[in-house]
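Coordinates in review
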Amino acid sequence: MRCTRQLLLLSLSVLWLPLCAQSVPVANTPPMGWNSWNHFKRNTDDSVVRAAADAMVSSGMRDEGYVYVNIDDAWEGERDAQGVIHPNSKFPDMKALADYVHSKGLKLGLYSSPGPKTCAKFEGSYGHEQQDADTYAAWGIDYLKYDLCGLRDVMRDQSNGDPTIASKIMRDAYEKMHQALLQTHRPIVYSFCEYGWDSVWVWGPGAGANLWRTTGDVNDTYDRMSVIGFSQAGLAKYATKGHWNDPDMLEIGNGGMTPDAYRTQMSLWSLLAAPLLAGNDLTKMDDITRSILMNRDAIAIDQDSLGRQGDRVSAVGPIEVWMRPLAGGDRAVGIFNRGPATTYPVGFRFREVGLAGPVRVRDVWSQKDLGIQRGSFSVIVPTHGVVLLRLSSRRQVRR
Ligand code: GLA
């Protein structure tokens, strides 16, 4: 009897093995790391990626949680006679690069497209999904950004202009790579990049997305970054642990915005539980860039274990107040100034963000505890800037 039970348990565990291997949770909190695209575009190569990995360690970023080193478009070479993808000559040995990145306690990410071609017109994965997933797994890849681009031609040609058919082609393509990644039995973060089409936040998680882009591309201007960031209102309910809205990568340190605007991006992205993928040259960071990317209080908000995304509370003139509920009942609150001039003091009532009674206030960017406050609080917010607060109170009110 005992033996039968043991045999049963053994056979059940054998059955479970592959399933367990597939269900290793990834992206339990929003992924943090670096991506080559925003700064280097196509000018990326093996040495750029190694230098980014080195700098991620020496700057202290790795120890603050930045672990993914993600190669974006322009690594791809040709397929061989068997259809196996090879990197181009700028990446002589992808496995050796992955080993190097792993030796630093980091993880390596890669980019492809469900279409025949990527956005930068390199080789995509169309018709080679399982082969590519297997190749990535053999190299030791930990993260895949899958960018719609070239598939749009296929969708147009095969749908006869019917958007429902076009959408199904797209969803099937993302699901196909999802299944291919599962077959590798390697935990690989799966990042959808289809610019928020067809409410990807609704169907993406079911097709295996750990994160999904919600908009077109960010760039290094306050206008574009803020339009993207503030357009995320209403998406909070789609974010859950392992499945995150992605308003695109960080531009902090790329030189096109003021420090206040970069603090806005870091604050808003943290309130949005967004991936924190630095997009600058990590080997040439000034102190302000480091202080923004490595602000522990902001990172703690982004990575908060409750896993709930924040949302807009109010928008009056140039001032927007956003709030994210945190584990243990704390609230992160960002008061943003989207206007061209520094504001007069603006006040908000704690009740508006769900807190009552005495509230302990910490200012994230000045790194100061501002003591216990009651009722309301007022701040002065510089143009294109933000005051980011962490609030704690024993008493909460229903909103
Ligand atoms: C698209 C994506 C970008 C980047 C480029 C690469 O534009 O949205 O993030 O990956 O392609 O070609």
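Just above sits the structure.
A brief structural summary.

Scoring rules and cut-offs
- Residues numbered from 1 in each chain as written.
- Predicted model: local features only at pLDDT ≥ 70, side-chain atom pairs only at ≥ 80, totals over all residues.
- Heavy atoms only, no water.
- Buried < 20%, exposed > 50% of the residue type's maximum accessible area, 1.4 Å probe, protein only.
- Helix = DSSP H or I, 4+ residues; strand = E, 2+ residues; numbered from the N terminus.
- Contact = heavy atoms within 4.5 Å.
- Near = heavy atom within 4 Å.
- Polar contact = N/O pair within 3.5 Å; in protein donor to acceptor, adjacent residues only side chain to side chain.
- Areas by Shrake-Rupley, 256 points an atom, 1.4 Å probe, with all protein chains shown as cover.
- Nonpolar A, V, L, I, M, F, W, Y, C, P; charged D, E, K, R; others polar.
- Pairing = 2+ DSSP bridges.
- Axes fitted to C-alpha atoms, helices over the stretch in contact; angles between N-to-C directions.
- Parallel < 35°, antiparallel > 145°, perpendicular 65-115°, else oblique.

Within the sequence span of helix α10 (residues 222-230), burial applies to Tyr 222, Met 225, Ser 226, Ile 228, Gly 229 and Phe 230. Where α10 is buried, its residues contact α11 (259-271), β11 (311-316), β12 (319-325) and β13 (331-337).

Before going further, it helps to spend a moment on the site of the ligand. Residues in close proximity to the ligand include Trp 37, Asp 72, Asp 73, Tyr 111, Cys 119, Ala 120, Lys 145, Asp 147, Cys 193, Tyr 195, Arg 213 and Asp 217, which together make up its full environment. With respect to the ligand, the side chain of Asp 217 contributes an N or O atom lying 2.5 Å from an oxygen atom. When the free accessible area of the ligand is taken as 310 Å², the share hidden by the protein chains comes to 92%. The class makeup of the residues in the shell around the ligand is six nonpolar, no polar and six charged.

Moving on, we come to the sheet that holds strand β10 (residues 276-278). In spatial order, the strands read β9-β8-β7-β6-β5-β2-β1-β10; together these eight strands make up an open sheet with parallel pairing. Two strands in the sheet have a free side with no partner beyond their single neighbour: β9 (244-246) and β10. If you compare each strand with its neighbour and ignore which way they point, the axes differ by 25 degrees on average. Sheet topology places strand β2 (residues 68-70) next to strand β5 (residues 107-112); three bridges connect them, and they run parallel.

Glancing now at the packing of helix α3 (residues 46-58) against helix α5 (residues 94-103). Running from N to C, α3 and α5 point in directions that differ by 10 degrees, and their axes come no closer than 10 Å. Judged on the interaxial angle alone, α5 and α3 are roughly parallel. Within the contact between the two elements, α3 uses Asp 46, Val 49, Arg 50, Ala 53 and Asp 54 and α5 uses Ala 96, Leu 97, Tyr 100 and Val 101. Its residues placed into classes, the contact of α3 with α5 shows six nonpolar, no polar and three charged.

Moving on, we come to the pairing of β13. The element β13 is largely enclosed, with a buried count of seven among its seven residues. Both faces of β13 are covered, namely the face carrying Arg 331, Val 333, Ile 335 and Asn 337 and the face carrying Ala 332, Gly 334 and Phe 336. Two elements, β12 and β13, share seven bridges in a ladder whose sense is antiparallel. Residue pairing in the sheet places Pro 325 in a bridge with Arg 331 of β13. Between β12 and β13, which pair antiparallel in sequence order, lie five residues; one of them, Gly 328, sits at a positive phi of approximately 80 degrees.

Moving on: the side chain of Ser 112. One can find Ser 112 in strand β5. Owing to a relative accessible area of 2%, Ser 112 belongs among the buried residues under this scheme. Within the local environment of Ser 112, its side chain forms a polar contact with the side chain of Ser 125, the two groups lying 2.7 Å apart. A distance of 3.5 Å separates the side chain of Ser 112 from the side chain of Tyr 136, its partner in a polar contact.

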